[in-house]
Amino acid sequence: MSVKSAPVKIVCSTDNPKGSIHVVALEKFGELIAKYSNGRLIAEIHFRGNEEFPAIMGEEVNMNMMMTSHSGVHNRVHVTAIASGNASIKASILEFLMLPYIFEDKKSAMKLFRSKFMMEEINEVLARKHNIRAIGWLIGGFRHMTNSKKPVQRLEDIQGLVIRTPRNRLMRDTYMTLGAEVIPLNWELTFEALKKGEIDGQENPYSVIADSKFWDANQKYVTNNGPFLWVGPILMNEEFYQSLPDDLKNVVRKAGREAAEYEWEWENKKNNEFKAILLNNNMKILDLEDKQRWVDATKPLWEKYYKFIGYGDEAKGKKIVENVLIITNQ
């Protein structure tokens, strides 16, 4: 009589709550790996507010866990869902995803994330240099600025505002170029900093603004400036991935892609609901009157970051961006 081996547990973690893009995708991933592996793979999903499996540290620490294959005193994490702006702090090739106004719309991002370029060529670099791979790519809404002080509809209006960005050089430089005073801050510290008035505002999609209830942190105004589309990988530790037999590697890749596409559809349906939540909580949503000025002001940053994207090779970084534009404009 053969003894059935115990299932392989994949520990997933995000510092975001139930109903967020991150948790929606990870829960779908968990469901699919169990289904496609006939129970040989199971997911243990940690997230903020989960009493049984609480979040294991914040996004930047989770990223370090992915790359180092261990987490010191904390539980090992095999998979995380993370904003690209946080992932690119360590994996600088991903900084092209944060070039201001690189994505015209969500459809262009979908083309990119279905491409061989992302799933094979970019993953080869991530695996070789950083011990991680993206098994799927999440798409949220465009990241819009909120603030507690004043309506912002023209480029001049941002002057004097203190805006939080992630600890991402390009996102910081973008808002500095636009005229704001910028304080880079870890995500888990942002709500309290807003509430205490240490910063005036931040930038995120409607979904994150709603999930975080930023109206309770004195945020009154939302400006639809959208220099960045919220995108983020579902990352798996490469050492763990390579330890799996080929059939389970296939399961992981298939489940990752399908979980991501499930999240795309979910987010599209929910976006108007998130907008309504903001309006129902007395936030004012404003459009730009001079968007092209914002685009023109930030475009010089692209050239500045080619060298960073190419790990010191400016020509290589520029070529990556050119490939992305070819794919997204097809």
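Residues numbered from 1 in each chain as written. Predicted model: local features only at pLDDT ≥ 70, side-chain atom pairs only at ≥ 80, totals over all residues. Heavy atoms only, no water.

**A few points about the overall build of the chain**
Let me state the cut-off plainly: Helix and strand assignments follow DSSP, with helices taken as H or I runs no shorter than four residues and strands as E runs no shorter than two, numbered in order from the N terminus. For the radius of gyration, the atom set is restricted to C-alpha positions; the globular benchmark scales as 2.2 Å times the number of residues to the power 0.38. Relative accessibility under 20% of the residue-type maximum defines a buried residue, over 50% an exposed one, and the middle range a partly exposed one, all with a 1.4 Å probe and only protein chains included. Only heavy atoms enter the contact rule, under which two residues are in contact if any of them lie within 4.5 Å. To measure how exposed things are, a 1.4 Å probe is used in the Shrake-Rupley method; for residues, cover is taken only from the protein chains shown.
Summing up its helical and strand segments, the chain has 13 helices and nine strands in all. Rg of the C-alpha trace for the chain: 20 Å, near the compact-globule value of 20 Å for 330 residues, within the 12% margin. C-alpha atoms of the chain, sized along the principal axes, occupy 75 × 45 × 35 Å. Residues counted as buried form 58% of the 330 residues belonging to the chain. Residue pairs at least 24 apart in sequence account for 72% of intrachain contacts in the chain once pairs closer than 6 positions are excluded. Element-wise, carbon and sulfur atoms account for 49% of the exposed surface of the chain, whose accessible area totals about 14400 Å².

**Topic: unusual backbone geometry**
Even without being glycine, Asn-131 reaches a positive phi, approximately 65°. In this structure, Asn-131 sits in the loop between helix H5 (116-130) and strand S4 (132-147). Of note in this structure, Lys-213 is not a glycine but carries a positive phi near 50°. Following the sequence through the fold, Lys-213 ends up in the loop between helix H8 (206-211) and strand S8 (221-237).

**As for the confidence of the model for the chain**
Basically, it comes down to this: Within a predicted model, pLDDT stands for the predictor's per-residue confidence, ranging from 0 to 100.
Looking at the chain as a whole, the pLDDT averages 93, with 97% of positions reaching at least 70. The spread of mean pLDDT over the elements of the chain runs between helix H2 (residues 59-68), the lowest at 77, and strand S9 (residues 284-287), the highest at 98.

**Comments concerning helix H13 (residues 314-328)**
So the rule is basically this: Between the first and last residue of a helix there are one fewer steps than residues, each counted as 1.5 Å, and that sum is the expected span. The arc refers to the directions leading from the helix axis to the C-beta atoms.
Under the 1.5 Å per step criterion, the end-to-end length of H13 is 21 Å for 15 residues, consistent within 8% with the ideal 21 Å. If you check which residues of H13 are buried, you get Gly-317, Ile-320, Val-321, Val-324, Ile-327 and Thr-328. Seen end-on, H13 carries its buried residues on one side only, within an arc spanning 120°. Summarising the geometry of H13, the exposed residues directed more than 90 degrees from the buried face are Ala-315 and Ile-326.

**Observations concerning the environment of Ala-134**
Mapped onto the secondary structure, Ala-134 falls in strand S4. The contact partners of Ala-134, leaving out residues within four places of it in the chain, are Met-119, Asn-123, Leu-126, Pro-233, Ile-234 and Leu-235.

**Overview of the nonpolar core**
Threshold: Note on terminology: a nonpolar core comprises buried Ala, Val, Leu, Ile, Met, Phe, Trp, Tyr and Cys residues joined through side-chain atoms within 4.5 Å.
One finds Ile-10, Phe-29, Phe-96, Leu-112 and Phe-113 to be the most contacted residues of the largest nonpolar core, which totals 110 residues. Among the elements that make up this core, the one with the highest residue count is helix H10 (residues 246-280) (10 residues).

**Examining the pairing of S4**
What counts is decided by this rule: Two strands make a pair as long as DSSP finds a minimum of two bridges between them.
For S4, the tally of buried residues reaches 16 of 16 residues, placing the bulk of the element in the interior. Taken together, the 12 bridges between S4 and S8 define a ladder with antiparallel strand orientation. Across the sheet, Ile-132 pairs through a bridge with Asn-237, a residue of S8. Two strands pair when backbone bridges link them, and S4 and strand S7 (residues 201-204) are joined in this way by four bridges, in the antiparallel orientation. The residue bridging Thr-146 from the neighbouring strand is Gln-202, located in S7.

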